[in-house]
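# Secondary and tertiary structure notes
The lines below spell out each chain.
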Amino acid sequence: LQQKKTDSTVIAVTAGTPGATGFSPDFRKEMGAQFLDVGICEQHAVATVSGMAKGGAKPVFAVLSSFIQRSYDQLAQDLALNNSPATILVYWGGLSGMDATHVGAFDIPLIANIPNMIYLAPTNAEEYRAMLDWSAKQTQHSVAIRVPFGPFITTGIPDTTDYDILNRYQGVEEGSQVALIGVGNFFERARAVKDLLKEKAGISATLINPKFLTGVDTDLLNSLKKTHQLVVTLEDGVLDGGFGEKVARFYGASDMKVLCFGGQKEFTDRVPLDELYIRYHLTPELIVEDIQTVLKGA
C-alpha cells in the first residue's frame, strides 16, 4: 500500500486466494484498479505479471506454496527466461500439519532451481520489507520471496543488505568447529541449536543467515574450511533438490562434513507438525545428538 500511494505502476495480483495472503477487503478497496484477481489460475497469474513487468509495471503476485507448482511452466518460460522483474510472494512455505493438497514443503526445490530466478528467504519482518522494497525497485531479475511462515519476528533493526550483490550470506555469530546455516523460518531453530550445542558440548558454533536460496556464497563457504569440521543446514521444506543439497554439493570434493536437516520427500496428510519434527530429526535436541554423533566419528 505504501508503494501504491506514490507509484501507479505497483499492482497486487492474486489467483483466487486474497484472504490467505493478507489481501483483505479493505486492502483490495484501497488498491482499487491496482488490484487484480485472475481467479484460481496461477498459470495465468504468472504469465500476466511477467507481461506487466516487461511493460514497465511493478506487479506483486501473492500465492500459496502448495499452489505455485501449477505455474511451473510459466515461472520458467514466461517469467525467468525473459528476466521479467516481477515479484512473487510465496506464502505458507514449510512443513505443516495440513492435508496432502495444501502441504507447502516443495517450493524451494521447485523455484530455486530455475535459471535467472532469485529466491529469497527472510528470517524476520525487517528483512522481508527490505527484500520487497529491493525487488520492486530493481529491473534485472525475476524475484520470489518466501514469506515467513508462523510467527513473524520483528527485531526493530533495519535490514541494510545490498541485495544487488547476489548470493552473499550473512555471518551472524562467529564461532568454530560447527557452522549452522538456518534458512528463513528455521533461522531461529538454528539459533536454538547453537545455544543447546554450547550447553551440551561446549561448542561455540558459527551462525549464518543465507537469505538467498538460489545460490551459494563461495567465499563464505570456503572460509569455513579453515576452522570448521562440520556445516549444518536447516530448511523448512523437503531436502531433495533443496537448499542444503547445494551446500553439500559445494563441499563434495573437500574434507568438510555436511549435515542437512529438513523434510523427507513424501506427501504427508494431516500429520501433526510435532510428529513430523520428530520423524525428520528437526528438534534442537535431536539435531544436537546427530551433530555430536558425526563429530565423534570425525
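Look up: the structure comes first, before these words.
Let me begin by describing the structure that accompanies this report. Remember, it's a predicted structure, so these values are computed and weren't measured experimentally. (Residues numbered from 1 in each chain as written. Predicted model: local features only at pLDDT ≥ 70, side-chain atom pairs only at ≥ 80, totals over all residues. Heavy atoms only, no water.)

## Here's the deal with the overall build of the chain
Heads up, the condition is: Strands are runs of DSSP state E lasting at least 2 residues, helices are runs of H or I lasting at least 4, and numbering of each runs from the N terminus. The quantity called the radius of gyration is restricted to C-alpha atoms. Its globule counterpart is 2.2 Å times the number of residues to the power 0.38. Between buried and exposed lies partly exposed: a residue is buried under 20% and exposed over 50% of the maximum accessible area for its type, with that area taken using a 1.4 Å probe on protein chains only. Neither His nor the chain ends is counted toward charge; the positive residues are Lys and Arg and the negative residues Asp and Glu. One atom stands in for each charge, and that atom is NZ of Lys, CZ of Arg, CG of Asp or CD of Glu.
Scanning the chain from terminus to terminus reveals eleven helices and eleven strands. By the compact-globule yardstick of 19 Å for 298 residues, the chain fits well, its C-alpha radius of gyration being 19 Å. For the C-alpha atoms alone, the extent of the chain along its principal axes is close to 60 × 40 × 35 Å. Burial statistics for the chain: of 298 residues in total, 53% are counted as buried. Averaging the coordinates of the 26 positive side-chain charges in the chain and doing the same for the 34 negative ones gives two points 2 Å apart.

## Quick notes on the pattern of salt bridges
Keep this limit in mind: Definition used for salt bridges: Asp or Glu carboxyl oxygen within 4 Å of a side-chain nitrogen of Lys or Arg.
Here the structure, examined in full by the defined rule, presents eleven salt bridges. For Lys-58, the salt bridge is made with Asp-7, and the minimal N-O distance between the two is 2.9 Å. With Lys-58 in strand 3 (residues 58-64) and Asp-7 in the loop between helix 1 (2-6) and strand 1 (10-14), this residue pair connects regions lying 51 residues apart in the sequence. Exposure remark for Lys-58: the relative accessible area of 29% places this residue in the partly exposed category. In this structure Asp-7 comes out as buried when scored by relative accessible area, which is 18%. Note that Glu-42 and Arg-70 form a salt bridge whose closest N and O atoms lie 3.1 Å from each other. Taken together, the positions of Glu-42 in helix 3 (residues 42-54) and Arg-70 in the loop between strand 3 and helix 4 (72-80) put the pair 28 residues apart, joining distant regions of the chain. One salt-bridge network, held together by shared partners, links Glu-173, Glu-188, Arg-191 and Lys-194.

## Here's the deal with the nonpolar core
The condition is simple: The set of buried Ala, Val, Leu, Ile, Met, Phe, Trp, Tyr and Cys residues whose side-chain atoms join them within 4.5 Å is what this entry labels a nonpolar core. The contact definition used throughout considers only heavy atoms, calling two residues in contact when any of these lie within 4.5 Å.
Counting 66 residues, the largest nonpolar core has Phe-61, Ile-88, Leu-89, Ile-111, Leu-120 and Leu-224 as its most contacted members. Setting aside chain neighbours within four positions, we find Leu-224 in contact with Ala-179, Ile-208, Val-231, Tyr-251 and Met-256. In terms of nonpolar packing, the next biggest core, distinct from the first, is built from 29 residues, Phe-186, Val-238, Tyr-277 and Leu-282 among them.

## Quick word on the pairing of strand 1
The side chains of a regular strand alternate between both faces of the sheet. Quick note on the threshold: Paired strands, in this sense, are two strands between which DSSP finds at least two bridges.
Counting buried positions over the five residues of strand 1 gives five, a clear majority of the element. Here strand 1 shows a buried face lined by Val-10, Ala-12 and Thr-14 and a second buried face lined by Ile-11 and Val-13. Here strand 1 runs beside strand 3; their pairing, made up of five bridges, is parallel. Paired with Val-13 across the strands is Phe-61, a residue of strand 3. Pairing analysis gives three bridges linking strand 1 to strand 2 (residues 35-37), with the strands arranged parallel.

## Observations regarding the side chain of Thr-48
The test is simple: In protein, a polar contact means a hydrogen-donor-capable atom and an acceptor-capable atom, both N or O and within 3.5 Å, with residues adjacent in sequence counting only if both atoms are side-chain atoms; elsewhere, any N or O pair within 3.5 Å suffices.
With respect to the helices, strands and loops of the structure, Thr-48 is situated in helix 3. A relative accessible area of 17% means that Thr-48 is categorised as buried. Within the local environment of Thr-48, its side chain forms a polar contact with the backbone oxygen of His-44, the two atoms lying 2.7 Å apart.

## Here we look at the sheet that holds strand 7 (residues 170-173)
Using the following cut-off: A fitted line through C-alpha atoms serves as each axis, taken over the contacting stretch for helices, and the angle formed by two N-to-C directions is quoted from 0 to 180°.
Ordered in space as 7-9-8-10-11, the five strands form an open sheet in which the pairing is mixed. Strand pairing shows two members of the sheet lacking a second neighbour, strand 7 and strand 11 (257-263), which therefore form its edges. The average angle at which neighbouring strand axes cross in this sheet is 25 degrees, direction not considered. When strand 7 meets strand 9 (residues 206-209), the two strands line up antiparallel, connected through three bridges.

## Focus on the pairing of strand 9
To be explicit about the condition: Handedness rule for crossovers: strands pointing away from the viewer, path from the first strand over the helix to the second running clockwise, crossover right-handed.
The side-chain alternation of strand 9 yields two buried faces, one formed by Thr-206 and Ile-208 and the other by Leu-207 and Asn-209. As judged from the three bridges shared by strand 8 (residues 177-182) and strand 9, these two strands associate in the parallel manner. Bridge pairing in strand 9 places Ala-179 opposite Thr-206. Where the polypeptide runs from strand 8 across helix 7 (residues 187-201) and back to strand 9, its parallel neighbour, the crossover connection is right-handed.

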